[in-house]
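Report on the structure
Each chain, written out:
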Amino acid sequence: TAAVEIRTLYEDFGRMAEAVDRRSRYLRDFAAAVSHEFKTPLAGIQGAVELLQDHGDDMEAEQRSRFLGNIDSDARRLSDLVTRLLDLVRADMARPEAGAAVALQPVAARVADALKGDLAITVDLPADLPQVAVPGASLEMALTILLENSRQVGASEVVITTRIEADQVRLFVTDNGPGVAAGDVERIFEPFFTTRRSEGGAGLGLSIARSLLRANRADLELATSATGAIFQIVLPRVQA
């Protein structure tokens, strides 16, 4: 009995050490990425300020306006980045909400109504869907991130559908955009990975959405598609 207990304790310590090592690598990589993301706009602000300080009196109004605009743009990028980082930290620290029971159709309809405009959103969900054990706020944020991503990559239509399984519900968000390049499939959920950096993208949206869902035993995955992009949210059903 003692030998079995010692072996079990040894295995538990091994798993704990692996978890600590993974977390340590994550924090190291995360810190390096945050540093890199902050350095670019900070360098832009510092350079523009130095030019204005040294040559501001000799500049034409149009030149001063351009440099001030660059400062404003970089400052807004830093502000947006801080907001997104706080969202990611909250998502990483989220804990399962006991007793969560949410109807999917009203949540999806609410998000679609809030984002309608140049993006045509079709919510094709039956009213008698089983409830899912995920907080409504987490589901709303995940759907909002996916729909906003579709809009930003140039999609004009999004369809939200579902498939009911024995112990879970799969929610599919399908758009008619350019899809995800084969070389990016393995990286799209990495923090700070983005193909829209020149347009101000921070690359944190999908990381935030996945972390929020995983905190409640749900998940976010990219499904294989011939055209466009299909993301699926895997949601645990409320058990009777």
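Details of the structure are given in the entry above.
One structure accompanies this document, and this report is about it.

Focus: the overall build of the protein chain
- Looking only at helices and strands, the protein chain has 5 helices and 5 strands in total.
- For the protein chain, the succession of helices and strands along the chain, N to C, is α-α-α-β-α-β-β-α-β-β.
- Each of the 240 residues in the protein chain was classed as buried or not, and the buried ones make up 37%.
- Counted over contacts in the protein chain with a minimum sequence separation of 6, partners at least 24 positions apart contribute 68%.

Details of the packing of helix α3 (residues 104-115) against helix α4 (residues 136-152)
- Where α3 contacts α4, the two axes come as close as 10 Å, and the packing angle between them is 40°. By the angle class used here, α3 and α4 are oblique. Crossing angle aside, the handedness with which α3 passes α4 is right-handed. Of α4, the residues touching α3 (which contributes L104, V107, A108, R110, V111 and L115) are G136, L139, E140, L143, T144, L147, E148 and R151.
- By residue class, the composition of the contact of α3 with α4 is 8 nonpolar, 2 polar and 4 charged.

Focus: a nonpolar patch on the surface
- On the surface, a cluster of nonpolar side chains totalling about 410 Å² of accessible area is made up of L9, F13, M16 and V20.
- F13 gets classed as partly exposed once you look at its relative accessible area, which sits at 48%.

Brief notes about the packing of aromatic side chains
- Applying the stated rule across the entire model yields 1 aromatic pair.
- Above the plane of the ring of F67 lies R66, whose end atom (NZ or CZ) is 5.3 Å from the centre.
- Lying across the ring of F189, R210 places its NZ or CZ 3.8 Å from the centre.

Some thoughts on the pattern of salt bridges
- For the structure shown, the criterion picks out 11 salt bridges.
- With its nearest N and O atoms 3.0 Å apart, the salt bridge here joins D113 to K116.
- One salt bridge connects R170 with E165, and the closest N-O pair in it is separated by 2.9 Å.
- Residue classification places R170 among the buried residues on the basis of a relative accessible area of 15%.
- Take E165: its relative accessible area is 24%, and that puts it in the partly exposed class.

Details of the nonpolar core
- The biggest cluster of nonpolar side chains holds 44 residues, and the ones touching the most others in it are L104, L143, L220, I233 and L235.
- Filtering out sequence-adjacent residues up to four positions away, L235 remains in contact with L104, V132, V134, L139, D167, Q168, V169, L171, L213 and A218.
- One finds I45, A48, F67 and L78 within the second-largest nonpolar core, a separate group that totals 6 residues.

A look at the pairing of strand β2 (residues 157-164)
- Here strand β1 (residues 120-123) runs beside β2; their pairing, made up of 4 bridges, is parallel. Pairing of T122 across the sheet is with V159, part of β2.
- In this view, the connection linking β1 to its parallel neighbour β2 by way of α4 has left-handed handedness.
- Across 7 bridges, the pairing between β2 and strand β3 (residues 168-175) is antiparallel. What sits directly across from I160, in β3, is V173.
- Hairpin connection, β2 to β3: the antiparallel pair is bridged by 3 residues.

Observations concerning the side chain of R170
- You can see R170 is positioned in strand β3.
- Residue contacts for R170: discarding those within four places in its chain leaves T161, T162, R163, E165, E221, Q232, I233 and V234.

Re the sheet that holds strand β5 (residues 229-236)
- Spatially, the 5 strands line up as an open sheet ordered β1-β2-β3-β5-β4, and their pairing is mixed. Both outer strands of the open sheet, β1 and β4 (219-223), are each paired with one neighbouring strand and no more. For this sheet, the mean angle separating the axes of adjacent strands, direction not counted, is 20°.
- Relative to the sheet, α4 contacts β1, β2, β3, β4 and β5, its axis offset from that of β5 by approximately 175°.
- Helix α5 (residues 205-214) contacts β4 and β5 of the sheet and is inclined by roughly 130° relative to β4.

Here is what the cut-offs are and how they apply
- Residues numbered from 1 in each chain as written.
- Predicted model: local features only at pLDDT ≥ 70, side-chain atom pairs only at ≥ 80, totals over all residues.
- Heavy atoms only, no water.
- Helix = DSSP H or I, 4+ residues; strand = E, 2+ residues; numbered from the N terminus.
- Buried < 20%, exposed > 50% of the residue type's maximum accessible area, 1.4 Å probe, protein only.
- Contact = heavy atoms within 4.5 Å.
- Axes fitted to C-alpha atoms, helices over the stretch in contact; angles between N-to-C directions.
- Parallel < 35°, antiparallel > 145°, perpendicular 65-115°, else oblique.
- Left-handed = near helix turned anticlockwise from the far one by under 90°.
- Nonpolar A, V, L, I, M, F, W, Y, C, P; charged D, E, K, R; others polar.
- Patch = residues over 30% accessible without salt bridge, like charges linked within 9 Å, V, L, I, M, F, W, Y side chains within 5 Å.
- Areas by Shrake-Rupley, 256 points an atom, 1.4 Å probe, with all protein chains shown as cover.
- Salt bridge = Lys/Arg side-chain N within 4 Å of Asp/Glu carboxyl O.
- Phe/Tyr/Trp six-rings, centres within 6.5 Å; stacked < 30°, edge-to-face > 60°.
- Lys NZ or Arg CZ within 6 Å of the ring centre and 35° of its normal.
- Core = buried A, V, L, I, M, F, W, Y, C linked by side-chain atoms within 4.5 Å.
- Pairing = 2+ DSSP bridges.
- Right-handed = clockwise from strand over helix to strand, strands pointing away.

Honestly, that's just the spatial picture; any functional story needs more than this.
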